[in-house]
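Inside the fold
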Amino acid sequence: MRQPREQVRTLHLDHDQLLILDGGRDGRVRVLHGGVWLTEAGSPDDTFLRSGQEAAVQGRQAVLQAEPGTALELRWRPPARRAGAWRRLRAWAARWQLG
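As the structure is a computational prediction, the values presented were derived from the model and not from experiment. (Residues numbered from 1 in each chain as written. Predicted model: local features only at pLDDT ≥ 70, side-chain atom pairs only at ≥ 80, totals over all residues. Heavy atoms only, no water.)

1. Points about the sheet that holds strand S3 (residues 26–33)
With antiparallel pairing, four strands are arranged side by side in an open sheet as S1-S8-S3-S6. Each of the sheet's edge strands pairs with one partner strand only, and the pair in question is strand S1 (7–13) and strand S6 (54–58). The sheet shows a mean angle of 25° between the axes of neighbouring strands, taken without regard to direction. Relative to S6, S3 runs antiparallel, the two sharing five bridges. Bridge pairing links Arg28 to Ala56 in S6. (Pairing = 2+ DSSP bridges. Helix = DSSP H or I, 4+ residues; strand = E, 2+ residues; numbered from the N terminus. Axes fitted to C-alpha atoms, helices over the stretch in contact; angles between N-to-C directions.)

And the structure:
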């Protein structure tokens, strides 16, 4: 089964602008310039990331709050497609062709 390609997005945030990551996927946040506060659901501590620093987001909801002129790079891999679904679809199509 082929792994989905990693997705990369660059975002520019204004002072105190919030970015909410819904969770459900593991990923990474890297600060290109500026800084952000990172708060993850279930974590007792907040993390401040400065330019050049990055952190893993472990599939939980996270909130990022930006300092002035912040740019972020978000990286994540979409969930893999289930091979079983393709097998069932091929079997279903084969039954229709033979019947």
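2. Observations concerning the pattern of salt bridges
As enumerated under the stated definition, the model contains five salt bridges in all. Between Glu6 and Arg75 there is a salt bridge whose closest N-O contact spans 2.7 Å. In this pair, Glu6 is assigned in the segment before S1 and Arg75 in strand S8 (residues 70–76), connecting sequence segments 69 residues apart. The exposure class assigned to Arg75 is partly exposed, which follows from its relative accessible area of 31%. In this structure, Arg30 and Glu73 form a salt bridge, with 3.4 Å as the shortest nitrogen-oxygen distance. One end of the pair, Arg30, is in strand S3; the other, Glu73, is in strand S8, with 43 residues separating them in the sequence. According to the relative accessible area criterion, Glu73 is buried, its value standing at 12%. (Salt bridge = Lys/Arg side-chain N within 4 Å of Asp/Glu carboxyl O. Buried < 20%, exposed > 50% of the residue type's maximum accessible area, 1.4 Å probe, protein only.)

3. Remarks on the sheet that holds strand S5 (residues 47–50)
What the four strands build is an open sheet, ordered S2-S7-S4-S5; its pairing is antiparallel. This sheet does not close on itself; its edge strands, each paired only once, are strand S2 (18–21) and S5. Strand after strand, the sheet turns through a mean of 25° between neighbouring axes, direction not considered. Two elements, strand S4 (residues 35–40) and strand S7 (residues 62–66), share five bridges in a ladder whose sense is antiparallel.

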